[in-house]
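What follows is the residue order along each chain.
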Amino acid sequence: MALPRLTGALRSFSNVTKQDDYHEEVTDLKMKRSKLHEQILGLGLTWKKIVKFLDENLEKNEVQSVNEDLKDILQAAKQIVGADNGREAVESGAAFLFKTFHLKDSVGHKETKAIRQMFGPFPSSSATAACNAISRITSYFSEDDLTAFVQMTDEENGDRVLFGKNIAFSFDMHDLDHVDELPINGDAQNIISLDYKKFLNERLQEHYTPELKPVEKTNGSFLWCEVGKYLNTTLKGMAEAPRIEDLCCTLYDMLASVKSGDELQNELFELLGPEGFELIEKLLQNRITIVDRFLNSSNDHKLQALQDNCKKILGENAKPNYGCQVTIHSEQEKQLMKQYRREEKRIARREKKAGEDGEVSGEGLMCFDPKELRMQREQALLNARTVPILSRQREIDLEKTRYPHVYDSQAEAMKTSAFIAGAKMILPEGIQRENAKIYEEVKIPYSEPMPVGFEEKPVYIPDLDEIGQLAFKGMKRLNRIQSIVFETAYNTNENMLICAPTGAGKTNIAMLTILHEIRQHFQQGVIKKNEFKIVYVAPMKALAAEMTNYFSKRLEPLGITVKELTGDMQLSKSEILRTQMLVTTPEKWDVVTRKSVGDVALSQIVKLLILDEVHLLHEDRGPVLESIVARTLRQVESTQSMIRILGLSATLPNYLDVATFLHVNPYIGLFYFDGRFRPVPLGQTFLGIKSANKVQQLNNMDEVCYESVLKQVKTGHQCLGAARRRS
């Protein structure tokens, strides 16, 4: 005997019949679907309607300029929507931008929020370009014409009724008795009807149970009666059964909460157990009526007793003595509870002593408030939400410490989860991304300049003393970075570390420290040249020769002699004695200071050591620089003499570590300037080759580089090519 099909068993008690087979052609279905799709796309404000509106209401000479603006809007929409999407999505995005900016002159917070909700993160430059183009287009029309045009398209969309919007749903639940057998065999077959509504009405009349009362007929003592039945049937034999008043109060507190039905169902099941499944069902069905009756009715003596008991329990902030409960205490709450118990013992001792003496002091009436403990615990939990789970002590110290002369825009961002071990995991805002067939291009715009602070004042050369005016002859004033550093470099003996972009003027900062050293040996109008030596350590011989020429010209009016001391330029002892400033390389100065006898006098009269390009500590020549600094610091400690160290470097990621190595006070001598202080703004463009094949990758790289260089040359820019190896 074949088993009956499930669909047939379900269909036997309904008036649903099997529909006829659909034999229409597939092409007709596709045609109908395409027409419906076009009809849906035609609703509301579309790009075609915007173009048609402009063609009909503008003159021919105006249409040409408007077409350029329309292209700009489409290009901006393509960047916002994404180049991977098709033309249809781009036009829809352009229509949305037109609707957003048709009455706006600039991109505001409201418009930015609307675009972000529709498309997600987007480049702000594209939104600004679209807003400017739309403003130029709407300048040909009045505000009333634009509003009428947009409202007309919205009204067309408002006439359409979405599928399922006019269908009324019923959320009533009907339970069928699953115990009785269905009348299929025997004489009862005569009463079977295929009408489902008729069958449902007959079953409801026969098996209506008065226990499941409708919401309208539930009286005020419904909760009391149901809880009493539950306690009599399930907890009758228990020795420590809860009272009906306590259980009713707890259940009402749960029903009156703002929790959803699913959450409340789980909590009730944990409280009442599997024996209270029927009670849970009744409570959830009559939840609203129970709460309303409890709040508005006071005729029933049982309800009145329940209200009084609930107020008493809630006022004491007590918890029920039944059910499985788990309480988690934080360390702060444990300390508060200990303090609470100590206060209770102290108060008990005072009251006992006061009772013996026959008088009660005012301090004895004081007690710890549990509400205050709860508020303190909630505040501790709120504070814990903002603290990272995996945090190191160093990150906490960095977060608390603020250095006055460190201008690092990435210092705050490096504390977030986007940075792992100092590596940046996200791209900055305002980037432009372009996907081509063989490569991907990412353009990072230049940083905006740092706003000028209230305490920043430019330093003018005529305001300096005579020595400073002679050294900076021909200059009117110092630049911004030099003015910030001026007070520490020109008027103190502090060790300094200067981290600034290339071309920011670090050489003149070195000149300020040199002039400060000269001023210390300037007495009665005479510079005592035999009392000091200044050493400038340059990383390369070519740079050493260039610095020698620069400082010679600047210090010539002061009578200071500057000589080069490298492997190619040897100096005799008499020449070294007649020289006040030596420009050397790390290797040469390492050899000079390593000698224990010959040049001891030279190293002992050095008063200023300038290290250029300190970031070379991380490269192959780093150990040489490290030995020079260590030997100089050792000499300062052993001889108790003053040797000032000045480190000049490009931007360093670990400037605090380098400052500690150079014995620089980070609150006085550490100066860090990021890319916002660069004299010429620097943008970056990255080209990534997509091919995985090495040979094809090299060929594509050559082709992309050639096209990029050719593009820059055609626009009149200069190009400089650099490679790791000679080719």
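Remember, predicted model here, so these are calculated numbers, not experimental data. (Residues numbered from 1 in each chain as written. Predicted model: local features only at pLDDT ≥ 70, side-chain atom pairs only at ≥ 80, totals over all residues. Heavy atoms only, no water.)

A. Representation of the side chain of Ser649. Tracing the chain through its elements places Ser649 in strand β13 (residues 644-649). At 3.3 Å, the side chain of Ser649 and the side chain of His615 are in polar contact. When neighbours within four sequence positions are excluded, Ser649 is seen to be in contact with Ile498, Cys499, Ala500, Lys506, Val614 and His615. (Helix = DSSP H or I, 4+ residues; strand = E, 2+ residues; numbered from the N terminus. Polar contact = N/O pair within 3.5 Å; in protein donor to acceptor, adjacent residues only side chain to side chain. Contact = heavy atoms within 4.5 Å.)

B. Up close: the pairing of strand β14 (residues 670-673). With burial as the criterion, each face of β14 is covered, one bearing Leu670 and Tyr672 and the other bearing Phe671 and Phe673. By the bridge criterion, 2 bridges tie strand β1 (residues 406-407) to β14 in an arrangement that is parallel. The residue bridging Val406 from the neighbouring strand is Tyr672, located in β14. In this sheet, β14 lies alongside strand β6 (residues 496-499) in parallel orientation, the contact comprising 3 bridges. By the bridge assignment for β14, Leu497 is matched with Leu670. (Buried < 20%, exposed > 50% of the residue type's maximum accessible area, 1.4 Å probe, protein only. Pairing = 2+ DSSP bridges.)

C. Broad picture of the sheet that holds β6. Read from one edge of the open sheet, 8 strands run β1-β14-β6-β13-β12-β9-β11-β10, paired in parallel fashion. Of all strands in the sheet, those bounded by a partner on one side alone are β1 and β10 (562-565). Lying over the sheet, helix α21 (residues 506-520) contacts β6, β9 (533-537), β11 (581-584), β12 (606-611) and β13, oriented at roughly 170 degrees with respect to β13. (Axes fitted to C-alpha atoms, helices over the stretch in contact; angles between N-to-C directions.)

D. Structural view of helix α13 (residues 277-285). Within α13, burial applies to Leu279, Ile280, Lys282 and Leu283. Buried residues in α13, looked at end-on, bunch into an arc of 165 degrees, giving them a common side. More than 90 degrees from the buried face of α13, the exposed residues found are Phe277 and Glu278. (Arc of directions from axis to C-beta.)

E. Layout of the packing of helix α3 (residues 47-57) against helix α4 (residues 60-81). Two numbers describe how α3 lies on α4: the axes approach to 11 Å, and their chain directions differ by 165 degrees. Overall, the two elements α3 and α4 adopt an arrangement that is roughly antiparallel. For the pair α3 and α4, the crossing hand works out as right-handed. Across the interface between the two elements, Trp47, Val51, Leu54 and Asp55 from α3 touch Val63, Val66, Leu70, Ile73 and Leu74 from α4. Class assignment of the residues belonging to the contact of α3 with α4 gives a composition of 8 nonpolar, no polar and 1 charged. (Parallel < 35°, antiparallel > 145°, perpendicular 65-115°, else oblique. Left-handed = near helix turned anticlockwise from the far one by under 90°. Nonpolar A, V, L, I, M, F, W, Y, C, P; charged D, E, K, R; others polar.)

F. A look at the pattern of salt bridges. Scanning the model with the defined rule gives 13 salt bridges in all. For Glu587, the salt bridge identified is with Arg621, shortest N-O distance 3.0 Å. Highlighted residues: Glu587 in helix α24 (residues 586-594) and Arg621 in the loop between β12 and α26 (622-639), separated in sequence by 34 residues. Among the residues examined, Glu587 registers a relative accessible area of 32% and is labelled partly exposed. For Arg621, a relative accessible area of 28% translates into the label partly exposed. In the salt-bridge network here, residues are joined through shared partners; they are Asp69, Asp72 and Arg136. (Salt bridge = Lys/Arg side-chain N within 4 Å of Asp/Glu carboxyl O.)

Scope: geometric values only; no functional claims are made or implied.
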